Structure formats: structure tokens, C-alpha cells
Number of protein chains: 4
Amino acid sequence: MIKAGIVGATGYAGAELVRILSGHEQVQIVFLGSRGYAGQKFSDVYGNLRGVEDGICEDDGDPAFIKDLSKKADVIFTATPQGVCATLLDDEVLSNTRIIDLSADFRIKDVAVYEKWYGIKHAAPQYVEEAVYGLCEINRADVANARIVANPGCYTTCSILTAYPLVKAGLIDPSTLIIDAKSGTSGAGRGARVANLFCEVNESVKPYGVTTHRHTPEIEEQLGYACGGDVVISFTPHLVPMDRGILATEYASLVREADGSLPTAERISAAYEEAYGDERFIRLLGDGGVPETRWVRDTNYTDIGFKIDLRTGRIVMMGALDNIVKGAAGQAVQNMNVMFGFEESMGL
Amino acid sequence: MIKAGIVGATGYAGAELVRILSGHEQVQIVFLGSRGYAGQKFSDVYGNLRGVEDGICEDDGDPAFIKDLSKKADVIFTATPQGVCATLLDDEVLSNTRIIDLSADFRIKDVAVYEKWYGIKHAAPQYVEEAVYGLCEINRADVANARIVANPGCYTTCSILTAYPLVKAGLIDPSTLIIDAKSGTSGAGRGARVANLFCEVNESVKPYGVTTHRHTPEIEEQLGYACGGDVVISFTPHLVPMDRGILATEYASLVREADGSLPTAERISAAYEEAYGDERFIRLLGDGGVPETRWVRDTNYTDIGFKIDLRTGRIVMMGALDNIVKGAAGQAVQNMNVMFGFEESMGL
Amino acid sequence: MIKAGIVGATGYAGAELVRILSGHEQVQIVFLGSRGYAGQKFSDVYGNLRGVEDGICEDDGDPAFIKDLSKKADVIFTATPQGVCATLLDDEVLSNTRIIDLSADFRIKDVAVYEKWYGIKHAAPQYVEEAVYGLCEINRADVANARIVANPGCYTTCSILTAYPLVKAGLIDPSTLIIDAKSGTSGAGRGARVANLFCEVNESVKPYGVTTHRHTPEIEEQLGYACGGDVVISFTPHLVPMDRGILATEYASLVREADGSLPTAERISAAYEEAYGDERFIRLLGDGGVPETRWVRDTNYTDIGFKIDLRTGRIVMMGALDNIVKGAAGQAVQNMNVMFGFEESMGL
Amino acid sequence: MIKAGIVGATGYAGAELVRILSGHEQVQIVFLGSRGYAGQKFSDVYGNLRGVEDGICEDDGDPAFIKDLSKKADVIFTATPQGVCATLLDDEVLSNTRIIDLSADFRIKDVAVYEKWYGIKHAAPQYVEEAVYGLCEINRADVANARIVANPGCYTTCSILTAYPLVKAGLIDPSTLIIDAKSGTSGAGRGARVANLFCEVNESVKPYGVTTHRHTPEIEEQLGYACGGDVVISFTPHLVPMDRGILATEYASLVREADGSLPTAERISAAYEEAYGDERFIRLLGDGGVPETRWVRDTNYTDIGFKIDLRTGRIVMMGALDNIVKGAAGQAVQNMNVMFGFEESMGL
């Protein structure tokens, strides 16, 4: 039994962490941090957990809380706005506890790239190098030993997992990769903004962050590791009138064989199987398989299918996950399970 | 005052035609065709028109009706499944009346291509040549004189209008064009199918018809006219949990200037302005402008914006329209207005 | 052609007023008031009106604007929070122009009741007496001559119109009246509040304001006029995950005839016909007729049906309208049309 | 470990049973019955269970299957249309296995009442008497020993649980009870009907079955047991554009104390506490507490609150549950747990 603290527990990702961890047989929640709801019962904010998690939210606005928390918690989840986690860390904290950061602070190895895309100065660049990018399907061994896990972004997890095996196997040309992603509204967070009101979102679909979305460099960095080179992609997110779910539709030109033929569907399937055949949380739908976000809702699964287009020489890769589970809280718990030697799917 | 007949009046597109035409000052509806609801009051099927259009639906299942109808109607709209319209036409009918076909029967000039993508034999190939593709923004003069107008598909209208000016001006490379489209559920029609039940569609997004959707050759043909060559594209439609609206996000590589530089946003805007500057139903949002389907809902507008991505050398073009209005019934009425010399926006 | 000013033009009701009036052949909009968007183009806030109403929003936060506006506008609509309209009025303003107030300030004749339910002091009680309750179906003659029209609330319009004929005819016992109402989310307004975020509203239904909703005394007052006595009712509003629409399901015990029998459906229908038979904007669905909010969406109609329950001796009355049209902006324009002698349905 | 068969496994309630039971540590699923999908993998119909329950659906259209199934299954769930379960039972089947029927066949003790409201002849009236109404909160002891459990309806469970304690305690007058209920669309089932298409349901709310809904006599019978007399109520269901959830808003006149005063909120709360204080799946929100369906989604909870209205002398009782879980599959598993001596919340 380990003790866990959750900073930012009343946002959508934080609340999902509370929900999952409150049913995890090896975890005791010892801290429910919140700015807006400090002093209130957590279950008065999230009525679904009434009778399940009735603890009182504690103020996590003043960073001073972290010292005490680091002493009593074996692991701290930070489900906070960009920049907050970096301000909380120092050597003492990291000698006491382990950190799973759901924000972007430690995802990007090049601090200059982080600072450019996020528009803020990094408060703890000295820990960037050691932080492990928490995509177990790719970095499982490193996650197990990490002090700091940078939990990947929601769009990023879906985008990377869908393309990774084909990039790695050299079956697609990364310079042609175009990712068109669609997300439910929970991805926009629980802040009170007019743009996210029901009547503004319902019955509409729109692109946003066109050519400038912050998840772009994160995707490029990880796919760059896969192919051993620089990757520059087009990434366009869209807002869809639903609560949860991300669908990534990804287009790339197939790399032709020496004889000029396109790789077969069998070849593509084999590459996916090799990468994910044993993965507990990836379901391969194969050639012509089409993922739908409803089938992954409330689960930690990523469903992946593909279709080759002989007319254009391109492949369409499609991935779906729940942005709050595999795209945030579920993946964080998966990382925690690996870090503490629990069964990877425990509680999920 | 002209007389109009509507075949297939109780489908979603047909019902929208009834709604628009019942408020059109120059049109009298003389025929409300339906298979499933023959003998019932139209307003018992579509309660919104109670007190507005309380006529009785007539059976349009047996093609014999067309002879009489062609004598009393100045124009006949066919909002019918693929293949039906072609079986209704002969020289006598066409000498009596004019046809606006909302199905695909007369959209594609190459009958073999039609038969391959739709999987049916064309029943009236002799009229394909004379049929005019009813996109007023491109073919206005021909529409005015047509006996048969092939009203474009919903995805097609949005996809073509968004890319057309840049293809025509040679600013993008058509062979790199990728169209990722998102549609509301009314596009799937009013047939009783499990896949379109509320609980199957709600809270989910999914691709469908990947690499095989029937609107693909229609888009390719029209864009081919624009650039004077063959165009082969990637087109992927998606189903979104909303009633109405299509958003097309289109990606293409910009054609570099002689000096290797990318075309500027001003250059792109100028091409759009040249093509659509005087158009009543196209609203140009310009550089960085992002269309949202809610702003075109229940209107005949197409909103178009774009964004240049210097990192990838691509442009992202974005278009939005209401699939039942500009994508079907509204465009049909726009065509009718042009055909009969009414103000093009009358009733819209 | 008259000139109209709209205070609070960027809220949901105000924006619908702009939309309707921009298509009204006898109205020119001369003022688009807004606090949050002053200085911006109206169509940058509401993209649907791009190319239709591109005027600049003017600051209506400082009441000083009203003097000038009253001189140039023939009618001023106030789509403002409770209490604002009352602070704008004085004899000079009222000698210059006519007011249609979409807030509650002048709906309730008993100022003490207003102050108790709304929790604010009335700033202009001297004008309460002359204000006319703007329900044309009941007060048409008075509306025509009013300087101040108190435009009814959305729940109120639906609740009153549904029960009024039976209360007036003495066919139901008002003391047994229970109104269970369901509303779309636009009724909550466009303020940035967590409770109205998409993810908070979607996939849920909840009651609110149970026994305390502010529309209760307004309903009671008007039904009291109908029966010539005090009426006290149960009223419970509910929030439904949709943009627009109100459905009121109303229960009351039928008053038995002298012989102990219940009134027949014919008797009930006759009472509705007598009250509304000539009304342009009320559609009677009759015995067993069931209104649905989708059929009144974007219209100024109220649909009303009923069903007698012989087992319980009660009648279930059901009414539906669009809360932003007949429940707010549409009704305001209907009132304006009556006040200025235009055809009552003009622009609607 | 027991063996369970599910008849009608591919409807919404059946599929939820599969989902819950596939995660139940004491249950092995041995039969997945379906008419429409016989021969297909269950997870090809419900993609969420891909990798979890990949068994093949077997044809349950011909009743002959029941003999074999009764020999190998310790319990059979029938999630079938009205009338089907009754045709499957005989003494041999009932000597082999135990039945949990999710349809209405054994819910109503008076066969004539059943036949009148459902319009079908009961095929096995001889088993009606012994069948136990499966509301554990009220009939737990009888459920434990039953051969046939009649799993309550979704509206019924919510309606009864919300009012039961106050009816039993004599605090409200049952003859004044009015139940206005709102349901998500999954309650309408997975049949391919136009009325349940996304575009017909979305953005609308409507009443249906007004004064005639089949759950009415079931509610009346159970509340009649509570007060020891006949109960006749008004019950109106409504369709709401969401997948899941039922909210029942219930109105009744409070029974005044001997001194003419109304019962206090404390008195009401005490009655609820006495009835449900120890219940695992009922959460009492108390005086002024307002349930929302989102907080019970995907859970077996029923949330109940109330508000006294001193002005009218009435109480408003409000209950919410998930119609597919506590209103169907979850409650069925709760009954199974009680019948087989498992912890009542196991798997839920």
C-alpha cells in the first residue's frame, strides 16, 4: 500500500485520478489539492464520488504544501496548469517522493523548444534531462526507475501511438505525416470560459490552434526518436461536441519497396504487432479496422486501425482513446503501477 | 410564380426543401412525394411545418407519377436514393419540366466511374452529358440554361469550394491534397438503421468510408477542371454527434515561387477574393480565420478560412457549411433561382 | 421604418433580437449595446451574422448612453440582467421612446413581491403600474398603446399559455396546478460559469430552483387574473442537455360537472379554441397531442396539447416553445409589431 | 464461481450485463444469446469489450435452447421483449436453474392487470405468484430464496425508491402523488426505429405514453404494499437527449400533523434514513439536495433528495439513477449477488 497525493484534484484529469485511485487496492489518497475548492468536501464538487471519496480538499495554491506532502506521499501527481509542477520541485522533494506530472513541464527535452511553444520560462530546467517520458508502451523500463515521469499529453499519446510502429519500421515517410485530430470538450479543462459553455460547443465542430498547437513539438520529438531523425508534421486539433474521446486520423505516404510496390497490409499489420502485440492497453483493429471513441470511453485502451490507399500511395492510420483516461489520469496510474511494481493494469 | 414538385419530400433534404420553398414568394409546391408516408399530412411527419405546409404526401414509389407531375410542375426536385432519378427521366418528361437532382445520378461525367463507385448501372446515360453540375459559384451561366441540374453532394460542395480557387490559381499542388471532413448525422439520412440511433452516435466520433467514399470522384472531377488535369486525392469523412454541419479541413503543399519562397497570405487571399469576392453565399474569413459549423447552421453560407504553415510548407484550408442547406436543399433552391431568373438568394 | 436600439445585444436573447431585427423590413438597428464586447464588431462575436450585421458594439455599461439613445431610437429593447432596465428609465426617456424590457423589472405588479423573489430594491417603482405585461395573446390591446412593455419570462410564457384557457374557463382547480418544466441551456445565459460548461451539462438532467424559482410569482399573478383569485402553484424547472426549447408539463385536477362527471376532451378543446383559435403563434395539438421542442425550435410558435386521465381525474397539459424566440426575442418583436402597427408576424 | 447465461445479450441492458459480469470475480458467462447477431463475436457488436468478452453470440430465437442452457447455467438472465421470458419457463427449467427476468413478465401480481397494460396474454401465469419483485432495498430476504426474480423496470425503480419511505411512513398522501420522469434514450432500446435516430432525439425533449405508460401499474402495486391500500398515480415519462439516466421528480401533498402543521424536514429525513440508512446503493442527499443523472452514470446508485414547499403544503421528492445499471443490469447483478450469497456490491 502506497500513499498518493494529487495536486489539482478538482480539474477533470485530477478528478479522474481521484476516481481511479479511490478504487485502487494498493493506493491510499493522502492529499486532495485544489485552489478553488479548498476546504470543501471533494464529493461536493464531484457528486459521483459521494460515499466513495468524501475527503476535504486542501489548498495547493501556496507551494509551501509540497514539503510536507513530499514527506508523507510516496508519489505525487501534479494535474496542474503548465509551469506549476516545475516550481514545486527541488532536491529535497525529489529525495522524498516520486513525481508524475500530467502537465507539459518535463515532456520536452529541449528547454528552448518548451519555452518557445509554451511562452513561459522553465522554472526547473535542471530536472528535464532525468525526467522520463511516460509512455509505457515505448519507455517502460525507464519509467520503472524514474523519479520524475512526464505524463504525455492527450493528443500526443493518441498521435504517437498510432504512427510510432510505422515510423520506426521505416514504412512511412515522416515528412509527409499529417495528423488531423478530434477531441471531446473535457480536453479544454474545467475553467469557466465562454468558449466552453454548452451552447457554444454543442451542435458545432471547429478547428483550433491551427499550425500552432502545443502538442506538436512533443509529437515531433518522440517520432524523431523512432526514426532517428528530425520530424516536422502538420497537426490540427478539432473540438467536437462530446465530453470525452480523441480520434486521430493520420495520413502519410508509404515508403515503396525496392521494386516500387507499396508495402502490403500484412507488412503493416506485422509492424503493429511487433510493436504492440503484447501490450495490455493497445487493441489493434488491423487492416480496414476503424476505431470509434465510444468504444474506448472510460477505459485505458488505445484502439488503432489502418487502411492503405492504392490510388494515392498513402496510408490512413486511425487511433482512438479516452483523453481523460489513457490521455491523462489512466496513463498516469499505468505509469505509477510500473514505477511501484504493481500489475500494470491494476485499478484500470 | 412557378410550380414545384418534390420527390422524396420526407427525407431530411426533401423536408428542408419543403421548408424553404414553403416560404419562397415565387414558388408553389404542387407535389409532396413520399414512399413511407403517402396519404399522411406532411406536417404530421414534420411538426415544425404544422400550419405552414399541411398538404398530403403522395406516393412516389411507382415511377408512373412522373408523367403527370412533369406536366404540372415547372421544376421537379428529386431528393431520392442513388439511381432513382435516372429511372424517371425520358424525353417527354424533359420537354415538359426541368429537373434538379439532389442525388448523384448526373454529377459524374464518366458513366463508368459512376457505375464503379456507386455499384449500380446508370439508367439514363444519354442525359449525363447535358446535365449541369449545379455549383453556381463555378457554373452559374450553365445552370441558368440547364434542363437537368446535378445538385452537388454535401461533402463535395464543401470540399470543392474550399480548395477550388487555390487549385485554379496553381498555388497548391493538387497531388498533395488531403481532405479530412467531419459531418453531422443528418447526412446519413432518415432511414431506420441501428448505426444512426441516438445512443450509437452520441458521445462518439468515427471515420467511415475510408479511401472509398463515393464523393471522392466527384471532388476529383471538379478540381480536375480547375487545374486542367487529373486530380487524385485522399478523402476521409467522419461522423460527429451533431445534427447538421460539415467541416472540411484540407491540407496541401504550397507551390513555391520561382525564388523558392512560399506564396504569402496576401497572395492566397487574393486568389480567394478573385474567385468569390462577389459571391452572395461565400464568406471569406481570410488568413487565420477559422470556420465553425454553428455559424453556418440553417444558412446557405459556406465559410472559408486558411492558415499557412511555414514549418511544413503546407497550407491548411478550412470550409464549413450546413450539409442540408448549402450541401443539399438550399443549394438546390439557389440553382432553381438561377434557372428561373429569380434573385439568387430569394427564399434563402 | 423605425429605429431600434438593443441594450445587452451580445447575450443570447439580445443576439437573437439582432438576428430577427436585421431581417425585419420595417426596422433599422441603431444601437448594439454590450459591456464585454464594446468596440468589437457584432459579427466577430456572433459569426452567423457575418455579412449581415457587422456593426460595432457600443458600451452600455454606463447608463448615460440612454439619453442619446432615447432620442434616436423609436424603441429600445433591454435584454439585461434584473434591475438594469429600471435604472435607465425616467420621464424624459419615456417621453422620447418606447421600452420593451426582456428582464423581470416590470413584470410583477406588486413591487414587494418583486423585491422579495429577486432580492433587489426596485429602482423605478413609479412605472410598474403603467407597464403592460407583453403577452399579446392575452393583452394585445394594452400592448398596442404601452410605453413600457414587460416581456414575459421564458418559463412563464410557456407555463401561462398552456394553462390559461382552462384556468379562465374554470375547468381546472388552480390550487392543484403543478408545473414541471424542462429547459435547454441557453436559458442560463452566456455568462462564464462552471455549471454551464459543456461537460457539466451534457449527458445529464437536473432540477434546480426547486420551490424557489423566480418565475413562480409571475405565473401565479397572471393565472390569478385569469380566474379572478389568488393562485399558488408548484413550479420546478429542469436543465436539459440541449441548446434551446422549453417544455412545460402541467398537472391539475379537473373540476367536475354538476353531475359528477369529468369535462370531456371536446369541452377542453373548445376552451383552447376559444382562447387561441385565431392566434397566429399558437398551434393547438388537441386531445392526445404531444408537443416536442424540436418542432418549435427557431420559431415563435407555442405548441399545446393535453390528455385527460380518467383514472386520476387530472388533466396533463403540455406546452412547448423556443425559449430564446417566443420565450424572449421573438415575443419582444411580436410586441414591437403590435406597438407600431406592423403585421404581428412580420420578421418572425 | 457460478455459471450465467444471458438471453438477449446484444440489447442495451443485455450488453451492460455482459460488461458487468465479465468483470465479476464469481461469475463465468456460458451463453450470449442474440437473434440478430447469432454467429458473430460479441465484441464485434460492442467494441468496448474487444479483448474482454470475445465469445460468439448464440441464437436465442428458438426457445429450444433453454433446456440445455438451464442444465449448464446456475442463473439465466432474460433481457428480452415482454412476453418472451414467460414462454421459456417450465418446471424442468426451474428445477435446473434460477431466473432473473429483466422484462415485465413477472413484475405484476395481478395477471389481468399485466395483460391489460401490456396487451398480451401471459404465457406462464402459474409462476407469477412465486416470483419475487427484485428490489433488494425492500425485498432482500425474499430475493435471496427466489427461483424467479422479476427485475424492476427502470422508471419503476427510480419512482418507487424515491417515494417509498414517505408513503410507508404515512407522511404523504398517495392519492396526490404525481411523478414526472425524464429518461435518456437508451431506455428506448436498440431497435432500428426512426423515432430513436440521433437527428430525431437530439436537441429536443418530449413527453410520451402520457397517462398510459406501462410502468404505471408496477409503481402503483409496490407503493400500495407500502401503505397497505390502493394507490393511483399520475406518471409521465419524457425523452431527453442523452444516453443514460433517469430523473424522477415527484410531487405529493404532505399529511399534516394533528396540530395542522406540516412535517419538518428532519421528520422527512428520518423516514428516509430509517428506510435506507444502511443501504449500499442509495445515497440520501437530504433536505434541499438535488440529484443529477451525471453523478449516477455508470453506477448502481440511486441518489435521492427532497424539498418541502411551505407555500403549497407539498413535498418535491427527486431521485436519479442510471437506467441501464440500477434500472436494469446493475440491479439484476445485485439480485444475483443476494441470491447466491455473494457480497451485494460485488462487481458493481
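Residues numbered from 1 in each chain as written. Chains lettered and ligands numbered in written order. Predicted model: local features only at pLDDT ≥ 70, side-chain atom pairs only at ≥ 80, totals over all residues. Heavy atoms only, no water.

Topic: the state of the cysteines
The tally for this structure, following the rule as stated, stands at 0 disulfides over all chains. Free of any disulfide, Cys199 of chain A has its nearest cysteine sulfur in Cys154 of chain C, 12 Å distant. Taking the relative accessible area as the measure of exposure, Cys199 of chain A reaches 13% and is therefore buried. Take Cys154 of chain D: it sits in no disulfide, and the sulfur closest to it among the cysteines is that of Cys158 of chain D, at 9.1 Å. The exposure class assigned to Cys154 of chain D is buried, which follows from its relative accessible area of 14%. (Disulfide = S-S within 2.5 Å. Buried < 20%, exposed > 50% of the residue type's maximum accessible area, 1.4 Å probe, protein only.)

Considering the relation of the copies chain A and chain B
After a rotation of 180° and a shift along the axis of 0.0 Å, chain A superposes on chain B with an RMSD of 0.0 Å. What we have between these two chains is a two-fold relation. The share of interface residues of chain A whose copies in chain B are also at the interface is 100%, consistent with both copies meeting through the same surface. (Least-squares fit on C-alpha atoms with pLDDT ≥ 70 in both. Contact = heavy atoms within 4.5 Å.)

Let's talk about the relation of the copies chain A and chain D
Placing chain A over chain D gives an RMSD of 0.0 Å and needs a rotation angle of 180°, together with 0.0 Å of translation along the axis. Comparing interface residues between copies, 100% of those in chain A also sit at the interface in chain D, which points to an isologous, same-surface contact.

Brief notes about unusual backbone geometry
Residues and elements named next belong to chain A. In this model, Asp298 sits at a positive phi of 65°, which is unusual for a non-glycine residue. By secondary structure assignment, the location of Asp298 is in the loop between α12 (293–296) and β13 (302–309). A relative accessible area of 32% places Asp298 in the partly exposed class. (Helix = DSSP H or I, 4+ residues; strand = E, 2+ residues; numbered from the N terminus.)

Focus on the interface of chain A and chain B
At the junction of the two partners, chain A supplies 47 residues and chain B supplies 47 residues. Sorting the residues of chain A by area buried against chain B places Glu203, Val205 and Arg311 of chain A first, and these three jointly supply 17% of that buried surface. Where chain A packs against chain B, one counts 8 salt bridges. One salt bridge connects Arg297 of chain B with Glu203 of chain A, and the closest N-O pair in it is separated by 2.5 Å. Our count for the contact surface shared by chain A and chain B stands at 32 residue pairs in polar contact (both at pLDDT 80 or more). In terms of residue count, strand β8 (residues 178–183) of chain A provides more of the side of chain A that touches chain B than any other element does, 4 residues in total. For the side of chain A that touches chain B, the residue count by class is 20 nonpolar, 12 polar and 15 charged. (Buried area = accessible area lost by both parts, 1.4 Å probe. Salt bridge = Lys/Arg side-chain N within 4 Å of Asp/Glu carboxyl O. Polar contact = N/O pair within 3.5 Å; in protein donor to acceptor, adjacent residues only side chain to side chain. Nonpolar A, V, L, I, M, F, W, Y, C, P; charged D, E, K, R; others polar.)

Re the sheet that holds strand β10 (residues 234–239) of chain B
Residue and element names in this part refer to chain B. Read from one edge of the open sheet, 7 strands run β9-β10-β8-β11-β14-β13-β12, paired in mixed fashion. Looking at strand neighbours, the two that pair on one side only are β9 (206–207) and β12 (282–287), the edges of this open sheet. As judged from the 8 bridges shared by strand β13 (residues 302–309) and strand β14 (residues 314–321), these two strands associate in the antiparallel manner. Counted as the bridge partner of Lys307 is Val316 from β14. Strand contacts of helix α8 (residues 154–168): β8 (178–183), β10, β11 (246–253), β12, β13 and β14, with the helix running at about 140° to β14, the strand carrying the most contacts. (Pairing = 2+ DSSP bridges. Axes fitted to C-alpha atoms, helices over the stretch in contact; angles between N-to-C directions.)

A look at helix α8 (residues 154–168) of chain D
Residues and elements named next belong to chain D. Here α8 contains 15 residues, and its C-alpha end-to-end distance of 21 Å stays within 8% of the 21 Å for a straight helix at 1.5 Å per residue. At Thr162, α8 shows its maximal kink, close to 35°; a proline, Pro165, follows between one and four residues later. Following α8 by one or two positions, Gly170 adopts a phi angle in the positive range, close to 70°. (Expected span 1.5 Å × (residues − 1). Bend = angle between axes of the 7 residues up to and from the residue.)

A closer look at the interface of chain A and chain D
Contacts between the two partners involve 16 residues from chain A, matched on the other side by 16 residues from chain D. Between chain A and chain D the total buried area reaches about 1,300 Å² when both faces are included, carbon and sulfur atoms providing 48% of it. Considering only the surface of chain A that becomes buried against chain D, Arg50, Arg283 and Trp295 of chain A emerge as the three largest contributors, covering 43% of it. The interface formed by chain A and chain D holds 2 salt bridges in total. Here Arg50 of chain D makes a salt bridge to Asp303 of chain A, at a shortest N to O gap of 3.2 Å. The tally of links from chain A across to chain D stands at 10 residue pairs in polar contact (both at pLDDT 80 or more). A per-class count over the side of chain A that touches chain D returns 7 nonpolar, 3 polar and 6 charged.

Observations regarding the packing of aromatic side chains
Summed over the entire model, instances satisfying the criterion amount to 34 aromatic pairs over all chains. When the centroid spacing of 5.3 Å and the interplanar angle of 75° are considered together, the rings of Tyr155 of chain A and Phe235 of chain A count as edge-to-face. Of this pair, Tyr155 of chain A sits in helix α8 (residues 154–168) while Phe235 of chain A sits in strand β10 (residues 234–239), and the two are 80 residues apart along the sequence. The pair formed by Tyr155 of chain A and Phe235 of chain A is uniform in burial state, with each residue classed as buried. Each ring, one from Phe42 of chain B and one from Tyr46 of chain B, has its centre 5.5 Å from the other, and the planes form 20°; the classification is stacked. As far as the burial class goes, Phe42 of chain B and Tyr46 of chain B line up, both buried. (Phe/Tyr/Trp six-rings, centres within 6.5 Å; stacked < 30°, edge-to-face > 60°.)

A word on the confidence of the model for chain A
When pLDDT is averaged across chain A, the result is 97; 100% of the residues are at 70 or more. With pTM at 0.97, the complex prediction returns an ipTM value of 0.97. (pLDDT = per-residue confidence, 0-100.)

Remarks on the environment of Met1 of chain B
Residue and element names in this part refer to chain B. Looking at the element boundaries, Met1 is found in the segment before β1 (2–7). Residues Met1 and Ala13, 12 residues apart in the sequence, show an inter-C-alpha distance of 23 Å. Those residues in contact with Met1 that sit more than four places away from it in its chain are Glu25, Gln26, Val27 and Gln28.

Looking at the side chain of Thr156 of chain B
All names here are of chain B. Of note, Thr156 is situated in helix α8. On the basis of relative accessibility, which here comes to 0%, the residue Thr156 falls in the buried class. A polar atom in the side chain of Thr156 sits 3.3 Å from the side chain of Glu218. Every residue in contact with Thr156, bar those within four places of it in the chain, is listed here: Tyr133, Leu161, His215, Glu218 and Ile219.

Overview of the packing of helix α6 (residues 111–118) of chain A against helix α10 (residues 215–227) of chain A
All names here are of chain A. Look at α6 against α10: their axes get within 9 Å of each other, and the N-to-C directions meet at 155°. Comparing their axes, α10 and α6 come out roughly antiparallel. Across the interface between the two elements, Val113, Trp117 and Tyr118 from α6 touch His215, Thr216, Pro217 and Glu218 from α10. Looking at the contact of α6 with α10, its residues break down into 4 nonpolar, 2 polar and 1 charged. (Parallel < 35°, antiparallel > 145°, perpendicular 65-115°, else oblique.)

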